[in-house]
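Chain by chain, the residues run as shown.
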There are 2 protein chains.
Amino acid sequence: MNAEIYKLSELIDKDLAEDNLSEQDKDELEKQIKPLLSENSVVLAQANPICGNLKYNAQKAKKWIDWANRLGVQAIIFPEGFLMGIPFGDYLVKFPHIVEDCREWLEVLAEYTKNTKVIIGFVEKNNSNKGKPYYNSVAVLSNGRIEKIIRKTISSDYLQINTDKYFENVPADKKNNILEIDNKKSAIVIGECTDVEQVLDAGEEFQLDFLINCSADITRTGKEFLKHNIFSQISKKYSAAFVYVNQVGASDSLSYDGASRVYDKNGNVIYRAKSYEEQFFIVDPSDNYGKIYPLPNGIELANDYSKTFSLDYEFDLERTYKTIIQSIREYFKKSGFKHACLGLSGGLDSTVCAVLLADALGKENVFGISMPSKLTSSESKNDAKDLADNLGIHFLEIPIKGIFDATRETFDTLFSQMESKWDFRYKQSYTNDNIQARARANILWGISNEFDKCLTIATSDKSEAYMGYATINGDMSGGFAPIADVTKTKLFALAKWLNKNREIKNAIPQSIIEKRPGAELAINPKTGKPLLAEEALMPYEFLDEVIWRVENLHQTINDMLDVEFVYERENSLSKEQKTDWLEKFFRRMSYSQYKWTIMAPAPIVDAHSINKAEYSQPIIASGIDYKKTSIEYKKQILNN
Amino acid sequence: MNAEIYKLSELIDKDLAEDNLSEQDKDELEKQIKPLLSENSVVLAQANPICGNLKYNAQKAKKWIDWANRLGVQAIIFPEGFLMGIPFGDYLVKFPHIVEDCREWLEVLAEYTKNTKVIIGFVEKNNSNKGKPYYNSVAVLSNGRIEKIIRKTISSDYLQINTDKYFENVPADKKNNILEIDNKKSAIVIGECTDVEQVLDAGEEFQLDFLINCSADITRTGKEFLKHNIFSQISKKYSAAFVYVNQVGASDSLSYDGASRVYDKNGNVIYRAKSYEEQFFIVDPSDNYGKIYPLPNGIELANDYSKTFSLDYEFDLERTYKTIIQSIREYFKKSGFKHACLGLSGGLDSTVCAVLLADALGKENVFGISMPSKLTSSESKNDAKDLADNLGIHFLEIPIKGIFDATRETFDTLFSQMESKWDFRYKQSYTNDNIQARARANILWGISNEFDKCLTIATSDKSEAYMGYATINGDMSGGFAPIADVTKTKLFALAKWLNKNREIKNAIPQSIIEKRPGAELAINPKTGKPLLAEEALMPYEFLDEVIWRVENLHQTINDMLDVEFVYERENSLSKEQKTDWLEKFFRRMSYSQYKWTIMAPAPIVDAHSINKAEYSQPIIASGIDYKKTSIEYKKQILNN
């Protein structure tokens with residue numbers, strides 16, 4: 001494909017996003033592009049739908065199809081489920097008219113099709129009255145009609161985000177998936193990378209010219225590596241070009257990274273679209289040269305990610321950054337918010353959140369509020385102010401003393417009366433810590449109530465979420481939680497990366513990156529200084545490796561006692577201390593389930609997460625034994 | 001079965017719950033019961049497991065099996081999944097050692113079995129490396145070994161609580177489900193009532209003597225009626241006695257009502273266990289007489305519930321009450337809480353919650369706090385106090401003025417500085433309303449921080465949850481939400497029912513039942529009086545019928561415009577006003593999704609709910625069109 005075409009098609013992308021071209025402009029552009037197209041040109045419609053908003057999705061599809069018709073390409077291929085918008089939700093069951101409407105939008109859309117085949121995902125009713133109520137389908141539209149419908153065959157459920165409750169899967173047989181264009185046979189497979197091979201392996205053998213995969217593949221640590229390997233192998237195995245069309249954009253917690261692509265029959269990438277951007281991407285799968293846009297930096301290094309823990313996160317930082325930026329931007333846009341307010345404590349979590357928000361929403365749309373108490377050090381206050389200045393976001397300092405004192409006074413009156421009736425008042429409590437955290441959250445929600453389209457940000461990170469080390473209605477509360485799937489050690493790496501890679505260097509004061517994290521809510525009686533998080537929990541290097549081992553290797557306490565942690569290479573650690581930390585981890589995790597269920601929406605970033613969009617566990621299941629127990633132990637228990 | 005046996009077996013129930021019998025007592029009891037048993041006696045083990053707590057569940061099973069062995073009955077049948085405990089959670093995938101442990105507990109348990117067959121649910125690994133990782137299975141244990149394993153065949157997913165992501169379902173074929181006892185053939189079917197028929201219909205025809213259904217069936221409006229009809233028809237169709245063993249107890253939001261039972265081959269109930277209680281229930285399915293414990297009052301009247309809306313909730317109130325009581329009790333017990341605190345506003349929601357808490361936890365364990373602001377009427381304050389006195393719960397009044405004023409002062413300082421940088425401050429806002437609601441929630445969470453094992457209660461009801469008519473970090477926040485699945489009109493009926501049916505009559509002051517609901521957070525400028533909820537929303541009779549039509553009939557705005565509401569029979573309602581209310585309903589519902597995701601755990605009571613344990617929808621899916629649109633409309637949209 002002529003390289004010139006990619007400069008010109010950027011004008012199409014702009015027109016699709018902004019409707020900025022007149023008919024005359026379009027004719028002009030068409031005239032420039034057409035001669036550059038090869039005979040077998042196809043458009044990968046890497047587009048961003050809104051779940052359930054059929055009108056929006058159909059209008060968008062129509063605009064893209066119009067451009068494809070104009071250029072007279074062979075086909076335009078949309079992602080999985082495009083007309084309904086992925087992820088699906090239970091509204092499919094509760095409001096079935098939406099599925100009828102989806103079918104009707106498809107039919108009306110078909111009327112606008114010409115010779116150019118339109119391959120587009122939608123949700124189809126299962127009229128057989130047997131099995132689940134719907135199919136997750138792809139329609140092939142051309143010459144004014146629905147030419148063919150292909151139904152999803154397998155759901156590999158790689159993400160544990162279950163759609164089996166809505167969708168009947170038809171038996172895998174590649175014959176059902178065949179589409180012919182110009183006497184060339186393609187198989188269209190719907191779903192994630194791990195589904196594709198199973199479908200192609202099933203049914204009678206015959207030669208395919210192309211493989212087409214309509215997908216909505218969420219991004220996660222290690223996923224690109226997995227995906228690339230599978231696709232490359234498949235194209236070699238079937239000796240056919242492999243065309244992959246991925247969704248872009250985000251929905252609540254799920255982020256789709258685009259990077260749609262074509263592999264040749266030898267397993268080499270010959271085209272690749274942009275990551276994290278909509279793109280009207282013109283390719284010719286029968287050609288040998290194509291435009292290959294870069295992936296996030298270093299992501300191809302992720303090869304042993306799922307096998308070895310390392311504190312070197314470099315390979316995943318650009319992807320992490322872009323995922324969170326896209327997620328914030330999309331959540332705000334799709335739910336009607338423009339502005340964000342957050343507390344700036346001078347600590348790492350709120351600092352990284354502030355940078356991400358400034359980049360996602362524009363610095364003028366972010367308000368950082370420093371809300372010191374008497375435990376807040378002047379260093380923290382200065383760090384918060386310096387950060388805001390460096391970023392150019394709005395900033396104010398407002399002490400919480402007034403609210404704290406009034407609350408404390410109310411509590412003193414109340415509790416002293418209560419304890420005459422309830423004799424189980426704690427001698428020591430976290431009440432003062434929590435008054436501070438809640439006073440701050442109330443101020444932020446007050447701002448959200450008072451200023452138009454302003455959303456409160458929760459700054460909890462993943463390490464603390466695992467430990468339940470956050471206050472209900474306090475620092476864990478907010479309308480969106482940008483870093484809830486980023487562990488603390490990765491956040492330190494991300495902070496350094498931001499200082500190096502953003503246009504304005506070193507926005508984050510070095511002192512924030514260097515200081516050991518602490519909430520400044522209580523004094524450690526042992527040191528007489530504000531309690532550090534690691535004193536209350538355990539070293540973050542250790543904690544984050546436990547999380548990694550749980551999520552990636554599914555290890556038990558026993559398994560982890562048997563291996564050397566990265567932390568142990570640098571620090572001496574007794575078996576007692578290690579056992580103690582591991583038990584503390586699982587104990588705290590067991591009692592954090594409730595907090596997990598009330599977390600704000602947060603981008604899923606890691607290979608696995610505790611985001612409630614994908615992980616759920618009954619709160620009362622706190623008696624799970626995270627040690628593997630022996631048969632002898634069990635006999636002994638039942639013998640008593 | 002001899003009626004005397006049920007008095008005696010209550011002593012077994014007591015021993016199983018409290019371990020109160022010595023070996024000698026047990027011998028004595030055994031001697032009294034044994035002569036009363038018929039040859040084909042079987043025990044329905046209507047027991048209450050804890051999810052994931054294998055040790056607890058295995059120990060419990062062992063105790064029940066010991067008693068069955070002692071009596072020498074033919075079999076003891078446990079509910080579905082008993083050893084793991086239903087509901088299952090994603091820990092099955094994250095911590096696979098739990099499934100290995102489950103198998104080992106089963107093996108160790110088998111060693112204690114004798115002639116009495118033990119039929120017990122567990123989770124089994126799928127070793128084939130094809131399909132989902134586990135089976136939802138039932139084992140038959142006898143004479144020290146695992147005799148047979150039966151795997152779940154179908155998952156009807158009646159509840160939309162999906163377990164398909166963990167479990168491979170084997171093809172339905174009743175031959176696989178056969179168990180022989182004493183030359184009599186039974187088919188064991190795992191799962192809910194709607195699954196059973198599908199399994200029995202599949203595979204070769206042959207005569208069965210008994211049908212056994214191991215279940216964990218959650219209770220909901222209309223479910224008993226559905227269940228009874230299906231079971232009765234099945235036993236007639238196969239001309240075989242039908243034995244149904246249900247779980248009892250609750251887990252977070254899901255409540256299991258027990259009422260295990262036997263139908264004869266003519267479809268008549270011949271035995272039925274207690275509802276909402278564990279019971280070692282001795283039956284003889286070949287006998288014609290058995291003990292039939294009563295169901296919650298009126299529940300058999302639910303026959304047209306899913307077809308017609310009515311404001312007469314009488315048929316469902318005792319079940320509703322018992323479900324919530326069990327849910328509260330179980331949530332507290334299983335998560336380690338003993339005491340509850342809640343705000344008492346003098347309004348209906350907090351009033352009903354207080355009654356339910358007093359009944360579930362004991363009045364001495366409940367603290368009601370009246371937290372008046374300047375908008376709180378003296379009537380409300382008196383009503384709250386009267387209620388607490390009538391119930392005998394603890395009560396204190398503490399004004400929120402101090403916290404309110406300090407917050408207001410902080411906000412005034414902050415907002416006036418902020419508005420010089422952000423020029424989009426609202427002219428009118430809900431900030432003052434929310435300061436009040438949040439001050440109250442902070443006081444309650446403060447109590448929870450300060451007193452041992454004390455949980456904060458959220459008092460939101462279902463009508464308000466649909467409308468998002470509750471303050472984040474305010475009245476919607478709490479550790480448990482007892483009435484979040486009860487609509488306002490049903491709550492009024494429940495309040496009257498409580499006054500009539502509790503031991504202490506009329507605990508709820510009549511004025512609370514008679515006054516129109518209002519949050520007393522703001523003044524209605526039109527009336528100059530505190531804004532009533534119905535002024536902000538719409539009449540509850542209308543609102544609750546919309547909810548019912550959405551949940552049970554899946555109706556759109558168009559559908560609802562075409563039918564007469566109960567409200568319209570008594571009140572004149574213009575088409576404009578009706579349209580306006582319907583559109584308001586769906587608009588508010590669209591923007592309440594975020595609030596639904598951060599609701600506290602709450603018992604599911606109705607036939608359908610928005611409880612996040614069963615309903616999820618992307619927050620950003622606020623562009624769904626709840627009107628069914630026409631083809632013409634769609635053509636017009638795409639033509640522009």
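Reading the values: the criteria
Residues numbered from 1 in each chain as written. Chains lettered and ligands numbered in written order. Predicted model: local features only at pLDDT ≥ 70, side-chain atom pairs only at ≥ 80, totals over all residues. Heavy atoms only, no water. Helix = DSSP H or I, 4+ residues; strand = E, 2+ residues; numbered from the N terminus. Rg over C-alpha atoms; globule rule 2.2 N^0.38 Å. Buried < 20%, exposed > 50% of the residue type's maximum accessible area, 1.4 Å probe, protein only. Contact = heavy atoms within 4.5 Å. Areas by Shrake-Rupley, 256 points an atom, 1.4 Å probe, with all protein chains shown as cover. Lys, Arg positive; Asp, Glu negative; His and termini not counted. Charge placed at Lys NZ, Arg CZ, Asp CG, Glu CD. Buried area = accessible area lost by both parts, 1.4 Å probe. Salt bridge = Lys/Arg side-chain N within 4 Å of Asp/Glu carboxyl O. Polar contact = N/O pair within 3.5 Å; in protein donor to acceptor, adjacent residues only side chain to side chain. Nonpolar A, V, L, I, M, F, W, Y, C, P; charged D, E, K, R; others polar. Least-squares fit on C-alpha atoms with pLDDT ≥ 70 in both. 1 Å grid on protein atoms, 1.4 Å probe; cavity = no way out; pocket = protein on both sides within 12 Å on 5 of 7 lines; lining within 4 Å. Points joined across faces, edges and corners; volume = space filled by probe spheres on them. Axes fitted to C-alpha atoms, helices over the stretch in contact; angles between N-to-C directions. Parallel < 35°, antiparallel > 145°, perpendicular 65-115°, else oblique. Left-handed = near helix turned anticlockwise from the far one by under 90°. Pairing = 2+ DSSP bridges. Right-handed = clockwise from strand over helix to strand, strands pointing away. Phe/Tyr/Trp six-rings, centres within 6.5 Å; stacked < 30°, edge-to-face > 60°. Core = buried A, V, L, I, M, F, W, Y, C linked by side-chain atoms within 4.5 Å. Expected span 1.5 Å × (residues − 1).

Q: What should I look at first to understand the overall build of chain A in this one?
A: Regarding its fold elements, chain A presents 22 helices and 18 strands. The C-alpha radius of gyration computed for chain A amounts to 27 Å, which stays within 12% of the reference 26 Å derived for 640 residues, consistent with globular compactness. Based on the C-alpha atoms only, the size of chain A along its principal axes is roughly 85 × 70 × 50 Å. The burial tally for chain A puts 66% of its 640 residues in the buried class. In chain A, 71% of the contacts between residues at least 6 apart in sequence involve partners at least 24 apart. About 23300 Å² of surface is accessible on chain A, with carbon and sulfur atoms providing 46% of the total. In chain A, the 79 positive side-chain charges and the 92 negative ones have mean positions that sit 2 Å from each other.

Q: I keep staring at the interface of chain A and chain B and nothing clicks. Help me out?
A: Accessible area lost upon the coming together of the parts is a frequently used measure of interface size. Across the contact, 130 residues belong to chain A and 129 residues belong to chain B. The contact between chain A and chain B buries some 11300 Å² in all, and 64% of this surface belongs to carbon and sulfur atoms. When the area that chain A buries against chain B is broken down by residue, the three leading residues are A:Trp422, A:Ile620 and A:Leu638, summing to 8%. At the junction of chain A with chain B, the criterion picks out 12 salt bridges. When the shortest N-O distance is used, the salt bridge between A:Asp101 and B:Lys634 registers 2.6 Å. Taken together, chain A and chain B are joined by 55 residue pairs in polar contact (both at pLDDT 80 or more). Among the residues forming the side of chain A that touches chain B, the class breakdown is 61 nonpolar, 38 polar and 31 charged.

Q: I would appreciate a short explanation of the relation of the copies chain A and chain B in the present structure.
A: Note that the two copies of the chain are related through a rotation about an axis and a translation along the same axis. In the superposition of chain A on chain B (RMSD 0.0 Å, axial shift 0.0 Å), the rotation amounts to 180°. Those values place the two copies in the arrangement expected of a two-fold rotation axis. Considering only C-alpha atoms, the part of chain A nearest the rotation axis is A:Ile598, at 2.1 Å. Interface overlap between copies: 99% of the residues of chain A at the interface are likewise at the interface in chain B, consistent with a symmetric, same-surface contact.

Q: Would you mind showing me how to read empty space enclosed by the protein here?
A: Sizing a probe to match a water molecule and rolling it over the atoms shows the empty space that remains. Enumeration according to the criterion identifies 13 cavities of 30 Å³ or more in this entry. Forming the walls of the second largest cavity are 19 residues, and the residues nearest its centre are A:Asn473, A:Ile598, B:Asn473, B:Ser477 and B:Ile598. When the residues that make up the lining of the second largest cavity are grouped by side-chain class, the tally is 13 nonpolar, six polar and no charged.

Q: Help me understand the packing of helix H11 (residues 401–418) of chain A against helix H12 (residues 431–450) of chain B, please; the structure alone is not making it clear to me.
A: It is the contact of H11(A) with H12(B), at a shortest axis distance of 11 Å, that shows an interaxial angle of 50°. Considering the angle they form, H11(A) stands oblique to H12(B). Crossing of H11(A) over H12(B) shows right-handed handedness. Contacts between H11(A) and H12(B) involve A:Thr410, A:Phe411, A:Leu414, A:Phe415 and A:Met418 on the former and, on the latter, B:Asn442, B:Ile443, B:Gly446, B:Ile447 and B:Glu450. Partitioned by chemical class, the residues of the contact of H11(A) with H12(B) number six nonpolar, three polar and one charged.

Q: Looking at this structure, how should I read the pairing of strand S16 (residues 366–370) of chain A?
A: Put simply, side chains in a regular strand alternate between the two faces of the sheet. Residue and element names in this part refer to chain A. For S16, a buried count of five out of five residues is recorded, marking the element as mostly surrounded by other parts of the structure. What you see with S16 is no split at all: Val366, Gly368 and Ser370 on one side and Phe367 and Ile369 on the other are buried throughout. In terms of strand pairing, strand S15 (residues 339–343) meets S16 through four bridges, oriented parallel. Counterpart to Cys341 in the pairing with S16 is Phe367. Running through helix H9 (residues 348–361), the crossover from S15 to the neighbouring parallel element S16 is right-handed.

Q: What am I meant to see in the packing of aromatic side chains here?
A: By the definition in use, this model includes 66 aromatic pairs over all chains. Geometrically, the ring pair formed by A:Phe309 and A:Trp548 is tilted, given 5.8 Å between the ring centres and 50° between the ring planes. In this pair, A:Phe309 sits in the loop between strand S14 (279–283) and helix H8 (314–335) while A:Trp548 sits in helix H17 (residues 540–553), placing the two residues 239 residues apart along the sequence. Here A:Phe309 matches A:Trp548 in class, with each residue buried. Judged by centre distance (6.0 Å) and plane angle (65°), the rings of A:Trp422 and B:Phe451 are edge-to-face. Separated into two different chains, A:Trp422 in the loop between H11 and helix H12 (431–450) and B:Phe451 in the loop between H12 and strand S18 (454–456) make up a pair that spans both. B:Phe451 shares its class with A:Trp422; the two are buried. Members of the aromatic cluster, each reached through a chain of ring pairs, are A:Phe95, B:Tyr466, B:Phe585, B:Phe586, B:Trp596, B:Tyr615 and B:Tyr626.

Q: In this structure, what is going on with the nonpolar core? I would like to understand it.
A: The nonpolar side chains of a soluble globular protein tend to be buried with one another. Counting residues in hydrophobic clusters, the biggest one holds 358 residues, and the most contacted among them are A:Phe280, A:Phe585, B:Phe280 and B:Phe585. Leaving out residues up to four positions away in the same chain, A:Phe280 has contacts with A:Ser9, A:Ile12, A:Asp13, A:Leu16, A:Val43, A:Leu44, A:Trp64, A:Trp67, A:Ala68, A:Leu71 and A:Ile76.

Q: Help me understand the pairing of strand S17 (residues 394–397) of chain B in this model?
A: All names here are of chain B. Note: strand S16 (residues 366–370) against S17, four bridges, orientation parallel. Its bridge partner being in S17, Ser370 is matched across the sheet by Glu397. In terms of handedness, the path from S16 via helix H10 (residues 378–391) over to S17 forms a crossover that is right-handed.

Q: Just to check I follow, could you spell out H12(B) for this structure?
A: Each turn of an α-helix holds 3.6 residues, which means side chains three or four residues apart point in the same direction. Over its 20 residues, H12(B) runs 28 Å from end to end, which matches the ideal 28 Å to within 8%, given 1.5 Å per residue. The element H12(B) is extensively covered by neighbouring structure, given that 19 of its 20 residues are classed as buried.

Q: Whenever I open this one, the pattern of salt bridges confuses me. Can you help?
A: Any two side chains of opposite charge can pair, so long as their charged atoms come close to each other. All names here are of chain A. Taken as a whole and assessed by the stated rule, the structure comprises 100 salt bridges over all chains. With its nearest N and O atoms 3.9 Å apart, the salt bridge here joins Lys274 to Glu277. Residues Lys578 and Glu568 are paired through a salt bridge, measuring 2.8 Å at the closest nitrogen-oxygen approach. Taken as a pair, Lys578 in helix H20 (residues 575–590) and Glu568 in helix H19 (residues 566–570) lie far apart in primary sequence, 10 residues in all. One exposure class covers both Lys578 and Glu568, and it is buried. Three or more residues are tied together by salt bridges with common partners; here these are Asp316, Arg319, Lys462, Asp485, Lys490, Glu551 and Asp606.

Q: Before we go on, may I ask you to explain the sheet that holds strand S17 (residues 394–397) of chain A in this structure?
A: Within a sheet, neighbouring strands are paired by backbone hydrogen bonds and run either parallel or antiparallel to one another. Residues and elements named next belong to chain A. As summarised here, the arrangement of the four strands in space is S17-S16-S15-S18, forming an open sheet in which the pairing is parallel. The open sheet has two edge strands with one neighbour each: S17 and strand S18 (454–456). In this sheet, neighbouring strand axes are inclined to one another by 20° on average, regardless of whether the strands run parallel or antiparallel. Where S15 lies against S18, three bridges are found, and the strand directions are parallel. Bridge pairing in S18 places Cys341 opposite Thr456.

Q: Can you help me understand the side chain of A:Glu464 in this one?
A: Residue and element names in this part refer to chain A. Checked against the element boundaries, Glu464 lands in helix H13 (residues 462–467). With a relative accessible area of 10%, Glu464 lands in the buried category. Setting aside chain neighbours within four positions, we find Glu464 in contact with Asp349, Tyr469, Lys488 and Tyr540.

Q: Got a minute to help me understand the sheet that holds strand S1 (residues 42–46) of chain A in this structure?
A: Residue and element names in this part refer to chain A. Pairing within the open sheet is mixed, and its six strands lie in the order S5-S4-S3-S2-S1-S14. Strand pairing shows two members of the sheet lacking a second neighbour, strand S5 (145–151) and S14, which therefore form its edges. Across the sheet, the mean angle separating the axes of adjacent strands is 30° when strand polarity is ignored. The sheet contact formed by strand S4 (residues 134–142) and S5 spans six bridges and is antiparallel. Bridge pairing in S5 places Ser137 opposite Arg151. Seen against the sheet, helix H3 (residues 54–71) touches S1, strand S2 (75–77), strand S3 (117–125) and S14 and runs at an angle of roughly 30° to S14.

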